[in-house]
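Below, each chain spelled out in residue letters.
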Amino acid sequence: MEKITVLSLFPQMITDALSYGIVKRAKGIISINSHNLRDWGEGTYQKVDDLSVAPGPGMLLKANVVANALKDLIDDEAHVIHMSPRGTPLTSQKALELSQKKHLVIVASRYEGLDQRVIDNYIDEEISIGDYVLSGGELASLVLIDSVLRMTGDILRPDAVEDESFQKGLLEYPHYTKPLEFENKMIPEYLKSGNHKLINETRFIEQLYITWLRRPDLLRDYPLCKVETTHKNPLTKIKKQNDLLKKRLLAFEKVIQEKRDG
Ligand code: ADE
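The shown structure was predicted, so the numbers you read here are calculated from the model rather than taken from an experiment.

S.K.: Looking at this model, I keep getting lost on the overall build of the protein chain. Mind explaining?
M.R.: Helices and strands together make up the secondary structure of the protein chain, namely 13 helices and nine strands. Counting every position in the protein chain, which comprises 262 residues, the buried fraction comes to 27%. Sequence-distant contacts in the protein chain: of pairs separated by 6 or more residues, those separated by 24 or more amount to 78%.

Here it is in structure tokens:
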């Protein structure tokens, strides 16, 4: 990834939001520019929108305004994305794939979106950040940019990227910091053991458990062999030693059973 270009009616939203934390640091490595679509608007009032030709309410961004802007902004390396609730869902895999492109051009539309002919002629893909409709594509663009930047090796430590939720197909295990006791709650026993193998195995069970509770759909694609390898020997030992883990292990065994049953 070398360059990200955003086209929006509110470019300041993009610039401001990218001025914090890891993403701000990324700007030293990757050039991120956001442009105001109104700069390509028509006439004295720099008009950018028009009524939909179909009966009913709704304004669209004008096809020629968006097209003129894109003609100025795209180069041979550009991969052009339109943020839209009817796009393909943004996933960790998609973010990784996009992080390998040299130049991302992101169109954040407003109103009812873009004229289909602009989509057909200029947009490589439409991406959605979820099954809800936002008032504009700017926040969605920011989500996309953040997730893509995190996948760029120069920004996060590669092992941190590896360790992230979804990267391994499961939700994250719980995290704890000092003090060891907080409002009468101790950190779990297994973390006090100092036994790395036990900690890793128990974290894996925690991951399976939370995924089973909240996102059973993710487990459908999770390879059974990975679950079984951990299941084989040490788990029965953990089960005997640790009452707290019993509930988790039951869920874990259910995961294996469901996967075996297909
Ligand atoms: N624009 C409006 N809603 C959106 C969504 N859910 N995803 C991407 N872009 C959008």
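S.K.: Would you mind going over the sheet that holds strand β7 (residues 125–128) with me for this structure?
M.R.: In a beta sheet, neighbouring strands are held together by backbone hydrogen bonds and run either parallel or antiparallel to one another. Spatial ordering of the open sheet is given by β2-β1-β6-β5-β7, a layout of five strands whose pairing is parallel. Two strands lie at the open edges of the sheet, namely β2 (31–36) and β7, each paired on one side alone. The average undirected angle you get between the axes of adjacent strands in this sheet is 30°. Where strand β1 (residues 3–8) and strand β6 (residues 103–108) come together, five bridges link them in parallel fashion. By the bridge assignment, Lys-3 is partnered in β6 with His-103. Helix-sheet contacts for helix α3 (residues 63–73) involve β1, β2, β5 (78–89) and β6, and the interaxial angle to β1 is about 165°. The sheet contacts of helix α6 (residues 137–151) involve β1, β5, β6 and β7, and relative to β6 the element is tilted by about 160°.

S.K.: For this particular structure, what's the right way to read α3?
M.R.: Each α-helix winds once per 3.6 residues, and so residues spaced three or four apart point in a common direction. Here α3 has its buried residues at Val-65, Val-66, Ala-69 and Leu-70. One side of α3 holds all its buried residues, which, seen down the axis, span an arc of 125°. In α3, the exposed residues that point more than 90 degrees away from the buried face are Asn-64, Lys-71 and Asp-72. Buried residues along α3 sit against β1, β2, β4 (59–61), β5, β6 and α5 (116–122).

S.K.: Could you clarify how one ought to interpret the site of the ligand in this entry?
M.R.: Neighbouring the ligand are the residues Met-83, Ser-84, Pro-85, Ser-128, Ile-129, Gly-130, Tyr-132, Val-133, Leu-134, Gly-137 and Ala-140. Of all elements in the fold, only β5 and α6 reach the threshold of two or more residues within the shell around the ligand. The element best represented in the shell around the ligand is β5, accounting for three residues. By residue class, the composition of the shell around the ligand is seven nonpolar, four polar and no charged.

S.K.: What is the right way to read the environment of Glu-126 from this model?
M.R.: Within the secondary structure, Glu-126 sits in strand β7. A count of 17 C-beta atoms within 10 Å places Glu-126 in the partly exposed class. In sequence terms Glu-126 and Leu-90 are 36 residues apart; their C-alpha atoms lie 9.8 Å from each other. The residues contacting Glu-126, other than those within four sequence positions of it, are His-82, Ser-84, Arg-86, Gly-87 and Thr-88.

S.K.: Before we go on, may I ask you to explain the pairing of β6 in this structure?
M.R.: Residues in a regular strand project their side chains so that they alternate between the two faces of the sheet. Of all six residues that make up β6, five are buried, and the element is covered over most of its length. Sheet topology places β5 next to β6; six bridges connect them, and they run parallel. Bridge assignment links His-79 to a residue of β6, and that residue is Leu-104. For the crossover that starts at β5, traverses helix α4 (residues 92–99) and ends in the parallel β6, the hand is right-handed.

S.K.: What is the right way to read the packing of α4 against α6 from this model?
M.R.: Helix-helix packing is described using two parameters, namely the angle between the two axes and the distance between the axes. Between α4 and α6, the shortest axis-to-axis distance is 8 Å and the interhelical angle comes to 70°. The angle between the axes of α4 and α6 places the two elements in the roughly perpendicular class. Judged by the sense of rotation from one axis to the other, the crossing of α4 with α6 is right-handed. Along its contact with α4, which presents Ala-95, Leu-96, Leu-98 and Ser-99, the element α6 presents Ser-147, Val-148 and Met-151. For the contact of α4 with α6, the residue count by class is five nonpolar, two polar and no charged.

S.K.: Help me understand the nonpolar core, please; the structure alone is not making it clear to me.
M.R.: Burial of nonpolar side chains together is a common tendency in soluble globular proteins. With 39 residues, the main nonpolar core has Val-66, Ile-106, Leu-144 and Val-148 as its most contacted residues. A per-element tally of this core places α6 first, with seven residues. Residues contacting Leu-144, with those up to four places away along its chain left out, are Met-83, Leu-90, Ile-106, Ile-127 and Ile-129. Membership of the second largest hydrophobic core comes to eight residues, among which are Leu-170, Phe-204, Tyr-209 and Trp-212.

S.K.: I'm lost on the environment of Asn-121 in this one. Help?
M.R.: Within the secondary structure, Asn-121 sits in helix α5. Along the chain, Asn-121 and Ala-67 lie 54 residues apart, while their C-alpha atoms are 8.7 Å from each other.

How each quantity is defined
- Residues numbered from 1 in each chain as written.
- Predicted model: local features only at pLDDT ≥ 70, side-chain atom pairs only at ≥ 80, totals over all residues.
- Helix = DSSP H or I, 4+ residues; strand = E, 2+ residues; numbered from the N terminus.
- Buried ≥ 20, exposed ≤ 12 C-beta atoms within 10 Å, placed from the backbone.
- Contact = placed C-beta atoms within 7 Å.
- Pairing = 2+ DSSP bridges.
- Axes fitted to C-alpha atoms, helices over the stretch in contact; angles between N-to-C directions.
- Arc of directions from axis to C-beta.
- Near = placed C-beta within 6 Å.
- Nonpolar A, V, L, I, M, F, W, Y, C, P; charged D, E, K, R; others polar.
- Right-handed = clockwise from strand over helix to strand, strands pointing away.
- Parallel < 35°, antiparallel > 145°, perpendicular 65-115°, else oblique.
- Left-handed = near helix turned anticlockwise from the far one by under 90°.
- Core = buried A, V, L, I, M, F, W, Y, C linked by C-beta atoms within 7 Å.

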